Amino acid sequence: MSQQQKSKGTALAVYIIIGIIIGAVLGYAVASMTMVPYSKYAALETELEQYKAGAGKPGAPEYTFYYVSHGGPADPWWAPVIKGSQLAGQMLNVKVVYSGPEKFSIQALVDLLNSAIAAKPQGIILTITDYKALDEPARRAISQGIPIIAVNVPDPRPANQRIPYLSYVGQNEYDAGYYLAKYLIDKGYKPKRVVIGIHEVGHVGLETRAKGITDAITQAYPGTPVEKLDITTDPTKAAEAFKNYLTKYPDTDVIFTLGPLGAHPALQVLKEMNLVGKVHLLTVDIDDVILKAIENGELEAAVSQQPFAQGFLPVVFMYLYVKYGIIPPAHVPTGPTVIDKTKLDTVRKQIATTGGA
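Since we're looking at a predicted model, the values are computed, not measured. (Residues numbered from 1 in each chain as written. Predicted model: local features only at pLDDT ≥ 70, side-chain atom pairs only at ≥ 80, totals over all residues. Heavy atoms only, no water.)

1. Things to note about the sheet that holds strand 4 (residues 148-151)
For clarity, the cut-off: Strand pairing is assigned whenever DSSP identifies at least 2 bridges connecting the two strands. Comment: elements are numbered from the N terminus, with helices defined as DSSP H or I runs of at least four residues and strands as E runs of at least two. We call two residues in contact when some of their heavy atoms are within 4.5 Å. As a rule, the C-alpha atoms of each element are fitted with a line to give its axis, helices using only the stretch in contact, and angles between N-to-C directions run from 0 to 180 degrees.
Spatial ordering of the open sheet is given by 2-1-3-4-5-11, a layout of 6 strands whose pairing is parallel. On the outer flanks of this sheet lie strand 2 (94-99) and strand 11 (331-332), each paired with one strand and no other. Bridging between strand 3 (residues 123-126) and strand 4 involves 3 bridges; their strand directions are parallel. Residue pairing in the sheet places L126 in a bridge with A150 of strand 4. Lying on the sheet, helix 4 (residues 106-118) is in contact with strand 1 (63-68), strand 2 and strand 3; it crosses strand 1 at an angle near 170 degrees.

Okay, structure coming up:
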């Protein structure tokens, strides 16, 4: 069997497992569903009967999970993540406490993790945004018997060195950048100069996306200048940074951004400088503004990593682990998928129902 066949088989197995788990969760949530009796598992069968009788309906939460993220209310991308985590909690009668800093700060993320550990929840869902800073507190939580599921950003180190979390739910960040750049390359476009707007310098996931973009461009076209540009999370400062860069380097014909916080100001600047159609713009992550820009031909393509799933699935996996000892797959991929005009109809439903894609 070839390596490619093995990879496909592994991916298929993962998705089958996910399907089975989600089906089980939905079965719990729908009291009217006919359940197949499992005579060998009397305790579980009794529990299911109690649920159908109303004993399993929300009262005092059965468990408390903390969802600790680097993404706070200032970044709209996280809204569907929060929505997904809360819906899963409601379905499973689990209290999900979501916490993220108002502004991006690794120290604030570490402080939030320490606060979550002090609360002694039954599980923690965590973005491993800076594995060096999070290593000690995360290992401390695990040593205290608090399981951790990584989400959105994994620990990039080898398995024998990384934080020993149960599973990672999210896209491969390197692939997100690589395949976004490959989309442009496969269309036969050879860029003169590329700039990558990074809104959170030091964020492991964003840096990895940027590396994927850089590698794809330089492998295809050696010698093409590819630069990272610190645009910050402030839209006004980001717009000014893009404007200054394009003025300094007028040969720039491709801009990559790593999220809506970069894409929105880049769109604004291209319109103001009359560069729409002259400078290719591609981004990671999708919202209404980005979707409309793709439709209007102002933005070429965007990577979808399905944020609602990144909120919903880790809560489900944590519940199954804590309650039943079901060990989740090592990696549950939620992306990346490159979205262009041809795929707009497919993602509209997801955006309409969850707020993002």
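Read on for the rest.
2. Some details on the packing of aromatic side chains
To keep things clear, this is the line we draw: In this analysis, rings of Phe, Tyr and Trp, with Trp reduced to its six-membered ring, are considered paired at centre separations within 6.5 Å, and the interplanar angle assigns stacked below 30 degrees, edge-to-face beyond 60, and tilted for intermediate values. Think of it in three bands: residues with accessible area under 20% of the maximum for their type are buried, residues over 50% are exposed, and the middle band is partly exposed, with areas taken using a 1.4 Å probe on protein chains only.
Applying the stated rule across the entire model yields 9 aromatic pairs. Arranged with centres 6.2 Å apart and planes meeting at 5 degrees, the rings of Y63 and F65 form a pair that is stacked. Taking relative accessible area as the criterion, Y63 reaches 15% and is therefore assigned buried. For the pair Y319 and Y324, a centre-to-centre distance of 6.4 Å together with 75 degrees between the ring planes defines the contact as edge-to-face. Judged by its relative accessible area of 4%, Y319 falls in the buried class. Taking the relative accessible area as the measure of exposure, Y324 reaches 29% and is therefore partly exposed.

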